[in-house]
Each structure stands twice: as structure tokens, then as C-alpha cells.
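Below, each chain spelled out in residue letters.
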Amino acid sequence: MGSKVYTYEGEQLTVRYDVKRCIHAAECVSGLPHVFDPNKSPWVEPDNANADALATVIMQCPTGALHFDRKDGGDFEDDSSSNIVTIQADGPLYIRGGIEVVDQDGTVLLNDTRIALCRCGLSKNKPFCDNSHLEGFVDEGRLGEGGVKVGEKEGRLSITLSKNGPLLLEGPITFVSANGGEQRQGVRAALCRCGSSQN
Ligand code: SF4
Ligand code: FES
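Residues numbered from 1 in each chain as written. Chains lettered and ligands numbered in written order. Predicted model: local features only at pLDDT ≥ 70, side-chain atom pairs only at ≥ 80, totals over all residues. Heavy atoms only, no water.

Caption draft 1: Layout of the site of ligand 1. All residues in the neighbourhood of ligand 1 are listed as Tyr 17, Cys 22, Ile 23, His 24, Ala 25, Ala 26, Glu 27, Cys 28, Cys 61, Thr 63, Ala 65 and Leu 66. Within the shell around ligand 1, the residues separate by chemical class into nine nonpolar, two polar and one charged. (Near = heavy atom within 4 Å. Nonpolar A, V, L, I, M, F, W, Y, C, P; charged D, E, K, R; others polar.)

Caption draft 2: Geometry of unusual backbone geometry. Between Ser 41 and the following residue, Pro 42, the backbone shows a cis peptide bond with an omega angle of -5°. If you trace the backbone, Pro 42 turns up in the loop between α1 (27-31) and α2 (51-58). A positive phi is found at Asp 90, a non-glycine position, where the angle reads about 60°. Within the element layout of this structure, Asp 90 appears in the loop between β4 (84-87) and β5 (93-103). Even without glycine at this site, Asn 164 takes up a positive phi of about 55°. With respect to the helices and strands, the residue Asn 164 is situated in the loop between β8 (157-161) and β9 (167-176). (Helix = DSSP H or I, 4+ residues; strand = E, 2+ residues; numbered from the N terminus.)

Caption draft 3: Region of the structure containing the pattern of salt bridges. In this structure the tally under the stated criterion is 11 salt bridges. Here Asp 69 and Arg 16 are joined by a salt bridge, their closest N and O atoms 3.0 Å apart. Placement of Asp 69 in strand β3 (residues 66-70) and of Arg 16 in strand β2 (residues 13-18) is noted, with a sequence separation of 53 residues between them. In the salt-bridge network here, residues are joined through shared partners; they are Asp 52, Arg 70 and Asp 72. (Salt bridge = Lys/Arg side-chain N within 4 Å of Asp/Glu carboxyl O.)

Caption draft 4: Quick look at the nonpolar core. Among the nonpolar cores identified, the biggest contains 21 residues, and Leu 13, Val 15, Phe 36, Leu 54, Ile 58 and Leu 66 are the most heavily contacted of them. Put simply, the parts of the chain that give this core at least two residues each are β2, α2 and β3. A total of five residues in this core trace back to one element, the largest contributor, which is α2. Look past the residues within four positions of Leu 54 in its chain and what remains in contact with it is Leu 13, Val 15, Leu 32, Val 35, Phe 36 and Pro 46. (Core = buried A, V, L, I, M, F, W, Y, C linked by side-chain atoms within 4.5 Å. Buried < 20%, exposed > 50% of the residue type's maximum accessible area, 1.4 Å probe, protein only. Contact = heavy atoms within 4.5 Å.)

Shape descriptors only; they carry no functional weight alone.
Structure (C-alpha cells):
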């Protein structure tokens, strides 16, 4: 679980960019092309937009590669919204909310609001997606049968990385299929991260 974080200082806001978590979904570039321009160096110019607009676009980065620190007293990112797992067709799980990733001994590895987790088994930077699914992983991203414990729970989503096994999710969760047509809610689930599940 590697990281390589670059920071870009602006007058009102500092942008943090973890290159190892960027899978080039390009929400940043299309959202604010004058701030995020991969053809320039540095590729991030935080002062080319107002801080609120920049924070809004950064929060759309699905992988958590981008984060920000406000210097102007503006709002920080809220991690109290609902926890949503959206399956990407032929790709990772995009997860948003208040998220804690722990190893199977219970050691907290990460707290975040947005992550993209590998579900093909091929990533070299597990548990994160690193685009290795482009090597040929095919799955339309539907919700399988059963597997989600229904119940009442509030708060953050805990994701345990079981050794040589699935992602164990606990907390209030909404699952959304890749086409958006299926949704399910629950409080516990085990999700495949090797790419071999038939469900
Ligand atoms: S939105 Fe995030 S994952 Fe996508 S290109 Fe920008 S930094 Fe990378
Ligand atoms: S889902 Fe992207 S590398 Fe596995």
C-alpha cells in the first residue's frame, strides 16, 4: 500500500496529490482545466480557480488521489455523509463516505473519504486500484445474490483487508451497480478482491 504525495501550495488552499492512487479518471482535468493540466509543469496551479470551486472538483476525484487543506477558513471535506460503494464495470470499487481501512490485526492503515479499491486481483498497489484491470478484467459490475447483512447501523465504514481473502465491510453501506440500476443497503458484506468470484 504505497503512496507518493506531492503538494501544490496556493494562496488559499494546498492541493495534495498521491500519484500512486491516480488512475486518470480525469474528473480534475475536465472540471478545472486551468488548474489541472497534465501537459504543464507543475501540472497543478491552485491559484487559477477560487478555493470553493477547486475544493468541489477535488472532492469529485473518485480515488482519493486528490485532497486539499484550506488556509482561508473555508469548509474542509465532510466525512459524515453516507457510505456508498459503486462498482465500476471492468474496474474497481469506488467508495465514498467516512472510511477506515484496517489490516486483519485491526491496525488502522488509512482514514479517508474517497478510495478506489482493486477487485480484479491484479493491482501492484493493493488494496488500491492501479489500472491493472485494463490488462483484461471483465465484469459488468452487477450486484450478486445475497451476501449483504441487513440491519441498522450509523457512522463510519470499516474495511478490513483479510489476508489472502476478501474485503470485509462493516458499517452502514449502500451498494450501487455499475449501471446504477441496482441498489442494496446493509451493514456487513464480504467483497471479492481477487477477481474470481462467480457472484
Ligand atoms: S480525478 Fe483523481 S484519479 Fe482522476 S485524474 Fe484526477 S487525480 Fe487522477
Ligand atoms: S480493479 Fe483496478 S487494478 Fe484491480
